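Fold and contact review
Spelled out, the chains give:
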Amino acid sequence: MPQIKQQKKRVLTNNKAHKRNVSAKSAMKTSIKKVLVAVEANDKEAALAAYKAACSKLDSAVAKGLKHKNYAANQKSRLAKAINTIQ
């Protein structure tokens, strides 16, 4: 543990930011999995709704600096391709 007051504050704020980042990443991953589950069930309407939510989560993760923009573009493309395979 740090002895300097300012460093003690930094530890607290870093922990808060870490929890916030972990929560956002988890929500993003969950939304991606929901799209894939809907695709597995051949439910195109549910997949499209989940895709819209996943795109929003991916975009917010990029805006917050949690993920690179190319990661988000790759995931969106992968999910769209999966949705388009539903007949």
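Residues numbered from 1 in each chain as written. Predicted model: local features only at pLDDT ≥ 70, side-chain atom pairs only at ≥ 80, totals over all residues. Heavy atoms only, no water.

1. As for the packing of aromatic side chains
One pass over the full model with this rule turns up zero aromatic pairs. Residue placement shows Lys67 over the ring face of Tyr71; its charged tip is 4.8 Å from the ring centre. (Phe/Tyr/Trp six-rings, centres within 6.5 Å; stacked < 30°, edge-to-face > 60°. Lys NZ or Arg CZ within 6 Å of the ring centre and 35° of its normal.)

2. Overview of helix 2 (residues 44–63)
For helix 2, spanning 20 residues, the distance from its first C-alpha to its last is 28 Å, which sits close to the expected 28 Å at 1.5 Å a residue. Along helix 2, the residues classified as buried are Ala47, Ala50, Ala54, Cys55, Leu58 and Ala61. End-on, the buried residues of helix 2 take up no more than an arc of 155°, which puts them together on one face. Exposed and oriented more than 90 degrees from the buried face of helix 2 are Glu45, Ala49, Lys52 and Ala63. Looking at the buried side of helix 2, the elements it contacts are helix 1 (5–40) and helix 3 (69–84). The positive-phi residue at the C-terminal boundary of helix 2 is Gly65, with phi of around 85°. (Helix = DSSP H or I, 4+ residues; strand = E, 2+ residues; numbered from the N terminus. Expected span 1.5 Å × (residues − 1). Buried < 20%, exposed > 50% of the residue type's maximum accessible area, 1.4 Å probe, protein only. Arc of directions from axis to C-beta. Contact = heavy atoms within 4.5 Å.)

3. Digging into the pattern of salt bridges
Scanning the entire structure with this criterion turns up one salt bridge. Residue Lys76 is joined to Asp59 by a salt bridge in which the shortest nitrogen-to-oxygen separation is 2.6 Å. Within this pair, whereas Lys76 is found in helix 3, its partner Asp59 is found in helix 2, the two being separated by 17 residues in sequence. (Salt bridge = Lys/Arg side-chain N within 4 Å of Asp/Glu carboxyl O.)

4. Looking at the environment of Gln87
With respect to the helices and strands, the residue Gln87 is situated in the segment after helix 3. Classification of Gln87 by relative accessible area gives exposed; the value is 89%. In the structure, Gln87 is positioned 45 residues away from Asn42 in sequence and 7.6 Å away in space, judged by C-alpha atoms.

5. Focus on the side chain of Gln75
Tracing the backbone through its elements, the reader meets Gln75 in helix 3. Residue classification places Gln75 among the buried positions, given a relative accessible area of 11%. Sequence-distant contacts of Gln75, that is, excluding residues within four places in its chain, are made with Ile32 and Leu58.

6. Some remarks on the nonpolar core
Within the largest apolar cluster, 16 residues are counted, with the highest numbers of intra-cluster contacts made by Val35, Val39 and Ala47. Among the secondary structure elements, those contributing two or more residues to this core are helix 1, helix 2 and helix 3. What Val39 contacts, discounting residues up to four positions off in sequence, is Ala47, Ala82, Ile83, Thr85 and Ile86. (Core = buried A, V, L, I, M, F, W, Y, C linked by side-chain atoms within 4.5 Å.)

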